[in-house]
Amino acid sequence: MEWKLERIFSSDEAAIEYANLYLGKIKGIVNEVEVEDKPENLVELIRKLEENTDEFARAAQYAWMRYSTDTESSESQRLLGSIQQLETELSEKLAVTKVRLAELKDDVLENIIKIDGNYEHMVREIMERRKHMLSKEAEQVLALTSVSRRGAISKIHSRLESAYTFEMEIDGETKVLTGEELKALRRSTNGELRKLAMKMFLERFQDDSMVITEIYNLIVKDFDTESRIRRFPRPISMMNFENEVSDEVVDRLISATDSYTRIVQEYYDWKSKVLGEKLTLADIYAPISSKKRTFEFNEAKDIILESFYAFNDKAGDIIKGFFDDERIDLMPKKGKVGGAYCIYSTTKLPPYVLTNFTGDMYDVMTLAHELGHGLHGTLSQKQTFFNHDTPLTLAELASVFGEFLVFDNLKGKLSRDERIALFASKIEDIIATTFRQNMFTKFELRAHDLISSRGYGSWEDLNGIYYDEAKFVFGDVVEIPEWCKNEWAMVSHFFETPFYVYAYNFAQCLVIALYKKYLEDGKVFVNKYLELLESGGRYSPEKLLGKVGIDVSKEGFWESGFEFIEGLMKELEKLVNE
């Protein structure tokens, strides 16, 4: 199954022409906003700006989809470059609009909210943003230079990695593998193959260490400089502000996660005994049985659909639409970006999902994860463009919840040994999205501090920080080979969106709280949950979560998530002893 991009635009030229058309309209609207101060007229202009920006985003989404399925094509590179140049102009115009609105008196902004409550969250966010805004001219400079700053620089890392291929002998046959296919071997039942695959993969980054180090230093300096001139106390504070969450809440999440690292070490101590070998970082996703369970695509599809339909018919119908309309780009191929994502940049198109499906249990969960995003993106289209997307802290909510639904369904379908493997896999997934992401966050905090204070972080410096943080999480239970110390270089979020990764940990603990409510309240919970997803980003995260009775600032909230993980480990132990 592959995307049919011609359904969106007949050609790249058509997409560029479309983007130019709506950018022209947006420029005219922004000129009017700059000289308008009557609330009723401003509301009408905001509506027009929103509608035309939504249309522009249709072309932007197409360009990224086209590029991510074929990063090596000169045509897709040219298209993305053209659209990104237009996006830079759009960003500059939107920055001017925000500065103009921020300049208005509070009574004018309050009247905008009275006239159209749909814009309350947006307007209040602009009022709050005043303290971090620069002059109109400075905001324009930042927006216009974004085409050559960290966002553009990160593309070098992406293109570098997506071009990697590896020649490897498997079962007596020499194969040429992509990076995603090689990483998939971390879940092989063959220990030697796992280690060889990851050693080969990570040493490839070592070959490009000079380029990668320079790229990362430039991105960090760019991000930290902007955070400083915007008067944020720390670099991570700029991301926290965008996520509409306080520094204190994020700091407590990091601290709480650190205090439960015994879970990681106890689990991997158990796993090493089951496998009868000393584990390395290359082995943390190894299957605990030599009989590796694989899934054909249609089998994975049926399991996922059954899981979502069991939760709610409306949710099931939405997920089914992805398969029926071929809105999933499924298999790995050379030149395709690694990992997986769901994209819904506009309300003018339905969400689309990209994966690199190779058929193991992890891939089934990854597909469920991205389709959970797709459910969220579809339901949030009830909102207008400025309200349909959520901050990162809520962006992973529906995706992780979708994994739990599939996990629940699979529990009743598998044999005892397969259930043990399922529980082990689930615990490992949770460790990966909590402790491992927290490890990544602490790496970023230290790396940014180092580069800001000393002006440069060498390859060896960064490897040393990564080793320290990995050692803190895994202790002496998991060995960290020399060639694993540069694993940070493969984490695309470090390059594309600094301090993104704590959102996974935030979401995992948040979803555990939601999942516990679902188990307690059953169908009563379902409508509240769907209403939460339908709300998109119309309200603040605090208000949205209040709809389902969640308060992340409550004492002990994060700790309760880790206690749930300990409960899963006890269930696994019970299964093993049956």
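Data block above holds the structure.
Residues numbered from 1 in each chain as written. Predicted model: local features only at pLDDT ≥ 70, side-chain atom pairs only at ≥ 80, totals over all residues. Heavy atoms only, no water.

The next subject is the side chain of Asp 363. Within the secondary structure, Asp 363 sits in helix α16 (residues 361-379). Arg 187 provides the closest opposite charge to the buried, salt-bridge-free Asp 363, at an N-O distance of 6.6 Å. There is a polar contact of 3.0 Å between the side chain of Asp 363 and the backbone nitrogen of Gly 359. Discounting residues that sit within four places of it in the chain, Asp 363 has contacts with Asn 356, Phe 357 and Thr 358. (Helix = DSSP H or I, 4+ residues; strand = E, 2+ residues; numbered from the N terminus. Buried < 20%, exposed > 50% of the residue type's maximum accessible area, 1.4 Å probe, protein only. Lys, Arg positive; Asp, Glu negative; His and termini not counted. Salt bridge = Lys/Arg side-chain N within 4 Å of Asp/Glu carboxyl O. Polar contact = N/O pair within 3.5 Å; in protein donor to acceptor, adjacent residues only side chain to side chain. Contact = heavy atoms within 4.5 Å.)

Take the packing of aromatic side chains next. All chains considered together, the criterion is met by 45 aromatic pairs. Relative to Trp 270, the ring of Tyr 267 has its centre 5.6 Å away and its plane inclined at 40 degrees; by these criteria the two rings are tilted. Remark: Trp 270 and Tyr 267 occur in helix α13 (residues 262-275); sequence separation between them is three residues, near one turn of the helix. Ring centres of Phe 443 and Trp 488 lie 5.8 Å apart, and the angle between their planes is 25 degrees; on these two criteria the pair is classed as stacked. Linking Phe 443 in helix α21 (residues 435-454) with Trp 488 in the loop between β7 (478-479) and α23 (492-496), this pair joins segments that are 45 residues apart in sequence. Here Phe 443 matches Trp 488 in class, with each residue buried. What links up through ring pairs into an aromatic cluster is the set Tyr 216, Phe 440, Phe 443, Trp 459, Tyr 466, Trp 488, Phe 494 and Phe 495. In this structure, Arg 58 packs its charged tip against the face of Phe 9, placed 5.6 Å from the ring centre. Seen from the ring of Tyr 362, Arg 187 lies directly overhead, with NZ or CZ sitting 3.5 Å from the centre. (Phe/Tyr/Trp six-rings, centres within 6.5 Å; stacked < 30°, edge-to-face > 60°. Lys NZ or Arg CZ within 6 Å of the ring centre and 35° of its normal.)

All chains considered together, the criterion is met by 55 salt bridges. Notably, a salt bridge pairs Arg 194 with Asp 283, separated by 2.9 Å at the nearest N-O pair. Of this pair, Arg 194 sits in helix α9 (residues 191-207) while Asp 283 sits in the loop between β3 (279-280) and α14 (297-311), and the two are 89 residues apart along the sequence. The pair Arg 194 / Asp 283 is uniform in exposure class, with both members buried.

Over its 20 residues, helix α24 (residues 502-521) runs 29 Å from end to end, which matches the ideal 28 Å to within 8%, given 1.5 Å per residue. Among the 20 residues in α24, 15 count as buried, and that is most of the element. (Expected span 1.5 Å × (residues − 1).)

Here we take up the sheet that holds strand β4 (residues 328-329). Reading across the sheet, the three strands line up as β4-β6-β5 and stay open at both edges, with mixed pairing between neighbours. Looking at which strands have only one partner, the edges of the open sheet turn out to be β4 and β5 (341-343). Examined bridge by bridge, β4 and strand β6 (residues 352-354) share two bridges and lie parallel to one another. Note on β6: the bridge partner recorded for Ile 328 is Val 353. Packing against the sheet, helix α2 (residues 39-68) makes contact with β5 and β6, and its axis sits at approximately 155 degrees to β5. (Pairing = 2+ DSSP bridges. Axes fitted to C-alpha atoms, helices over the stretch in contact; angles between N-to-C directions.)

Looking now at the side chain of Ser 227. Residue placement: Ser 227 occurs in helix α10 (residues 209-229). Those residues in contact with Ser 227 that lie beyond four places of it in its chain are Phe 232, Arg 234, Pro 235 and Met 238.

Function cannot be inferred from these measures alone, as they are strictly geometric.
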